[in-house]
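# Breakdown of the fold
Here is how the chains run, residue by residue.
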Amino acid sequence: MLFTTSIDGPVISCILTPDRDLNNPVLCYSSMVPSFSKDGFKRLKSLGGYTELQLPNLQANVEFEITLAYENSEFAPFNRAWLPLGAYLRHENTVLELTSTQQTGVLPGAVTFEPGEAPPLLVCPQPASFQAGEGTVKVHKLQADDSNLQRSNTLTRRAGLGPFLSKQGMPLDVILDETIPSDGYRLEIREAGLSLFHRDQNGAFYGGITLATLIFLHKGELPCGIIQDAPRFEWRGQHLDCARHFYKVESILQLLDLMALLKMNRFHWHFSDDEAFRLELESLPGLVQTHFRGEGELLPGVFGAGSRSGGSYSKTDVKRIVDHATALGIEVMPEIEIPAHALALCRLYPTTRDALENGQEQSVQGYFKNVMNPAMPESWRIWHTIIDEISELFPCELIHLGGDELPPDTWHGSPAAQNLMQAETLKTTQDLQSWTMSKAAQYTVSKGKKPAGWEESTLGSPSIGNDALIFCWTGQDAGLKAARDGYRVVMMPGQKTYLDMAHTKLADDWGANWAAIISLEETINWDPVPNNDPKLEKNIIGIEGAFWSEFTTQDQEMEAMIAPRILGISTMAWQPRGSPEAKTLLGLRKVYTELFRALDWDHA
C-alpha cells in the first residue's frame, strides 16, 4: 500500500493507494507537531504529534487524497522531516503497513555546499600552530613501540583509514615532554625522520590520530614542519538522543570512533525522555514497558515510531559502549530526566503524580501530565533508585539530572505540591523545580558522583548548587549568565550546535528550524567566550554538539545530519580563540568526505 506525501504550501498533501478494499480504516502517523485533517476526517486520538484519523471506506487501487494541517497556524511544513512519519493503517484490529514515499525523494542532508579552500594540513581540528618547513616526506607506515600509538592504530584500522604502524615502517621517535599541555603534543616532520613529543597518554593518542589522518588524506606525502597542538577546552562533547529513536549499539560505537578521530572526549548519552527510558535496570524491571512504542504499547508511535519500534540497552551493552569510549579517551556521561520529560515514567508509575491534581500543564511537545511530582514519595523512590544503579553502571563522575522545559503552570493544581512549597517557603513553580534539582543533586553527591543539569536548574531559588556542571542550550547569553554566577558551563546553544537543525531552507533538506538554520559555517561563527570578558574562560569549560531524534526513524538519518557539521563542533572545541575560518572548514569538508566514506558514514 502506497502513502505518498508532499508539501503544498501551508498544508501537507497525502495520497493513499490501498491494494485492497478497506472498511473504515484508521490512518495512524506522527508529525513534527500536532496536526488535523483539513478534509474533516475525525481525529480519534492524538498525543503530541501522533494522530489517528478515521477514514471512510476505501477501494482497492483507487487513490484517496487527504490534506493535513498543523494545529498551530504559526507552523507550516518546512521540509521533508515535517511530513508524516511512521504512517500505517489499522483495519479490523490488524495493522497494515504502508510504503511511504516523499515526492522530493532526496536523501537527508543531500545539500550542495561550496567546496572552499583546503588548508596546508588536511586534518580537523586544525592544530594550534604549524611552522611549515621545506618540502615533503613520503610516509605510508611508521614504526613505534608505544601503547598509546597502538590505540590510535587500532582506531584508524577499524575506522577504515587503515593501520599506520608497521615493523617495516619509518621510525617514529616518541618522547615524553613535561612542558607540553595536557592532551597536547608536538610533531616534528622532517626528511630525516619524525618525532612525537607528548606529556600524557591522550597527547600521544591524539598525535597518533593526527599522523594517521595526514597519511590518509595526504596520500602518504606529508608536508615537513613542526606541529604544536593542544585543545582550547577540556570538554569537547557530542550528545545523542536515544530516547526518541533507538540506535543500535554498533551505530553508537561508530559515532564514538568519529568523535575520537576529531579529538572529542565527552559523549553525552541521552537515553531517557518522555518517550522511553532505554536502559535495563535490575532495580526497576517495569521500565521494560517503555522500551517500545506503537500498537499495544505504553505509548503509541510518536515521533515516527510506526506500528512498533524501539529497543533497550542491557548492562552488557552499557559496558561495551563505556569500554569502547574509554579506549578512545572518551567519557560517557549518562542523563536522566528530573522532573519533566517523564511522560512514560508517569504512566508507568502513576503515583509519581498527585491524584488530586487538576492542572492541565502541557509540554512544548504537546504532552499533558509529563512531570513527576516532588511532593510524592514515589517520585523520590524512582529517582533515587535510578541514580543508585546508574552510579554503578557508569564510571564517569558526572550524572546529568535533566531539569529542562518544565511546562508552565506545572503543579499549580496539585494540593500536595502547594503544601510542599508552603513548607519549604518556595514562591514559584521554578523555585520548586530548582529545589527538586538541588535535593537530587545532594543525593547524587552522596553516591560519590557530581551533578549536572540544564540551564533551567539555576533559575529558581534555591538553585541546583552542589557544584553542578550546567549545560546551556537556549542561547549563548544563558551560558554567559551561568558562568558569571559562578557555575562551570558547557556551551551548546541551539543556534550553533544543535545538529538536528536543517542545513538549509530547501524543502529537500531535513531537520528542524526552531533554533536556526545551521550550515557548516555557522557552527564556527561564534565564540563561546566573548572577547570583552575573557575571565569567563575559567568557568566555560567546553562546548558540545547535540542531536535530538524527534524525526529520526533510521540510524543513518542521524549520520547525514551530524556530518559534516561535527567538523565545526570539533574545531570550536579544540582550536585557539579566533583561529577558525569558514573557508578553511569548507575546504576540510571536501577532503573529509573521503574519511566519512572510509568510516562507512552515510554522508552526502
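Residues numbered from 1 in each chain as written. Predicted model: local features only at pLDDT ≥ 70, side-chain atom pairs only at ≥ 80, totals over all residues. Heavy atoms only, no water.

### Notes on the pairing of strand 27 (residues 488–491)
Applied cut-off: The pairing criterion is simple: DSSP has to find at least two bridges between the two strands. Put simply, DSSP marks the helices as runs of H or I at least four residues long and the strands as runs of E at least two long, and each gets a number from the N terminus on. A crossover gets the label right-handed when its path from the first strand over the helix to the second runs clockwise, viewed with the strands pointing away from the viewer.
Pairing between strand 26 (residues 469–472) and strand 27: four bridges, direction parallel. Bridged to I470 within strand 27 is V489. In this view, the connection linking strand 26 to its parallel neighbour strand 27 by way of helix 9 (residues 476–484) has right-handed handedness. Pairing analysis gives three bridges linking strand 27 to strand 28 (residues 540–545), with the strands arranged parallel. Bridged to V490 within strand 28 is G542.

### Quick notes on the pattern of salt bridges
Inclusion rule: What makes a salt bridge here is a side-chain nitrogen of Lys or Arg within 4 Å of a carboxyl oxygen of Asp or Glu, nothing more. Buried, partly exposed and exposed residues are distinguished by accessible area as a fraction of the type maximum, computed with a 1.4 Å probe on protein chains only: under 20%, between the cut-offs, and over 50%, respectively.
The tally for this structure, following the rule as stated, stands at 34 salt bridges. The shortest N-O distance in the salt bridge between D19 and R20 comes to 2.9 Å. Overall, the relative accessible area of 41% leaves D19 in the partly exposed class. Among the residues examined, R20 registers a relative accessible area of 41% and is labelled partly exposed. With its nearest N and O atoms 2.6 Å apart, the salt bridge here joins D323 to K319. Of this pair, D323 and K319 both sit in helix 4 (residues 315–327), four residues apart, roughly one helical turn. Overall, D323 belongs to the partly exposed group, its relative accessible area being 40%. A cluster of three or more residues bridged by salt bridges with shared partners is formed by D241, R244, D273, E275 and E550.

### Some details on unusual backbone geometry
Cis geometry marks the peptide bond from C124 to P125, where omega comes out at 0°. Tracing the sequence through the fold places P125 in the loop between strand 10 (99–102) and strand 11 (129–138). Here the amide bond leading from A563 into P564 is cis, since omega sits at 5°, within 30 degrees of zero. Residue position: P564 is located in the loop between helix 11 (555–562) and helix 12 (566–574). Despite not being glycine, N466 has its phi angle at roughly 55°, a positive value. Its location among the elements puts N466 in the loop between strand 25 (450–454) and strand 26.

### Description of the sheet that holds strand 8 (residues 85–91)
Cut-off, in case you're wondering: What counts as an axis is a line fitted to C-alpha atoms, over the stretch in contact for a helix, and the angles between N-to-C directions run from 0 to 180 degrees.
Read from one edge to the other, the open sheet built from five strands follows the order 5-6-3-8-9, with strand pairing classed as antiparallel. With one partner strand each, in any of the chains shown, strand 5 (43–47) and strand 9 (94–97) form the two edges of the open sheet. Here the strands of the sheet are splayed against their neighbours by 20° on average, with no regard to which way each runs. Of the strand pairs in this sheet, strand 8 and strand 9 are connected by four bridges, and their pairing is antiparallel. Each residue of the ladder has a partner; that of L89, found in strand 9, is L96.

### A look at the sheet that holds strand 7 (residues 64–70)
Overall, mixed pairing links the five strands, which are arranged 4-7-2-1-10 in an open sheet. Each edge of the open sheet is held by one strand with a lone partner, namely strand 4 (35–37) and strand 10. The average angle at which neighbouring strand axes cross in this sheet is 25°, direction not considered. Inspection of the sheet shows strand 1 (residues 2–8) paired to strand 10 by four bridges, in the parallel sense.

### Description of the side chain of S379
Our working rule: Contacts were defined at the residue level, with two residues in contact if any of their heavy atoms lie within 4.5 Å.
Positionally, S379 belongs in helix 6 (residues 377–393). Once residues lying within four places of it in the same chain are set aside, the contact partners of S379 are T352, M372 and N373.

### A short note on the environment of K369
Tracing the backbone shows K369 in the loop between helix 5 (343–348) and helix 6. Considered as a pair, K369 and F75 are 294 residues apart in the sequence and their alpha carbons are 24 Å apart. Residue contacts for K369: discarding those within four places in its chain leaves L343, C346, R353 and E361.

### Points about the packing of helix 6 against helix 8 (residues 429–446)
This is how the line gets drawn: Every angle not falling under 35 degrees, over 145, or within 65 to 115 is termed oblique; those three ranges are roughly parallel, roughly antiparallel and roughly perpendicular. Each crossing gets its handedness from the near helix: less than a right angle anticlockwise from the far helix is left-handed, clockwise is right-handed.
Contact geometry for helix 6 and helix 8: axes closest at 10 Å, N-to-C directions at 40°. Our classification of the angle between helix 6 and helix 8 gives oblique. Taken as a pair, helix 6 and helix 8 cross one another with a handedness that is right-handed. Mapping the contact onto sequence places W380, W383, H384, I387 and D388 in helix 6 and W435, T436, K439, A440, Y443 and T444 in helix 8.

### Let's talk about empty space enclosed by the protein
Let me state the cut-off plainly: Any residue with an atom within 4 Å of a point lines the site, the site being either a cavity, points on a 1 Å grid over the protein atoms alone where a 1.4 Å probe fits but cannot get out, or a pocket, an open set with protein on both sides within 12 Å along at least 5 of 7 lines. Grid points are joined across faces, edges and corners, and a volume is the space filled by probe spheres set on the points. Any residue outside Ala, Val, Leu, Ile, Met, Phe, Trp, Tyr, Cys, Pro, Asp, Glu, Lys and Arg is labelled polar, Gly included; the first ten of those are nonpolar and the last four are charged.
Summed over all chains, the structure comprises two cavities of 30 Å³ or more. Quantified by volume, the largest cavity comes out at close to 40 Å³. Contributing to the lining of the largest cavity are S30, S31, M32, A81, L85, F303, G304, E550 and F551. Taken together, the residues of the lining of the largest cavity break down into five nonpolar, three polar and one charged. As a volume, the second largest cavity reaches approximately 30 Å³.

### Re the packing of aromatic side chains
Short version of the rule: Between 30 and 60 degrees the pair is tilted, below 30 it is stacked and above 60 it is edge-to-face, where a pair is any two Phe, Tyr or Trp rings, Trp via its six-membered ring, whose centres lie within 6.5 Å. Two conditions define a charge sitting above a ring: the NZ of Lys or the CZ of Arg must be within 6 Å of the ring centre, and it must be within 35 degrees of the ring normal.
Summed over the entire model, instances satisfying the criterion amount to 23 aromatic pairs. Both rings, one in F205 and one in Y206, keep their centres 5.7 Å apart while their planes meet at 45°; by these two values the pair is tilted. Looking at F205, the relative accessible area reads 0%, which means it is buried. Between the aromatic rings of F271 and F277, the centroid separation amounts to 5.6 Å while the plane-to-plane angle is 75°, which identifies the pairing as edge-to-face. An aromatic cluster of three or more residues is present, and its members are W235, W454, F471, W473, Y498, W514 and W548. The ring of F216 is capped by K219, whose NZ or CZ atom sits 5.8 Å from the centre of that ring. The cationic tip of K263 hangs over the ring face of W574; the distance from NZ or CZ to the ring centre is 5.9 Å.

### A look at the nonpolar core
The criterion, for reference: The criterion is simple. A nonpolar core is a set of buried Ala, Val, Leu, Ile, Met, Phe, Trp, Tyr and Cys residues joined through side-chain atoms within 4.5 Å.
Counting residues in hydrophobic clusters, the biggest one holds 183 residues, and the most contacted among them are W269, L279 and Y592. Apart from residues no more than four positions distant in its own chain, L279 is found in contact with W269, F271, L287, H291, Y313, V318, I390, L393 and F394. Formed by eleven residues, the second largest nonpolar core is a distinct cluster that contains Y88, F303, L343 and Y367.

### Some thoughts on helix 4
What counts, and what does not: Helices are assigned an expected span. That span is 1.5 Å times one less than the residue count. Working definition: the arc comes from the directions between the helix axis and the C-beta atoms, pointing outward to the latter.
Taking 1.5 Å of rise per residue, the 13 residues of helix 4 would be expected to cover 18 Å, and the 18 Å separating its terminal C-alpha atoms lies within 8% of that figure. Turning to helix 4, its buried residues number three or more, namely D317, V318, I321, V322, H324 and A325. Seen end-on, helix 4 carries its buried residues on one side only, within an arc spanning 160°. Projecting away from the buried face of helix 4 at angles above 90 degrees are the exposed residues T316 and K319. Structurally, helix 4 contributes buried residues whose contacts are with helix 1 (147–158), helix 3 (249–261), strand 18 (266–270), strand 23 (331–338) and helix 6. The positive-phi residue at the C-terminal boundary of helix 4 is G329, with phi of around 75°.

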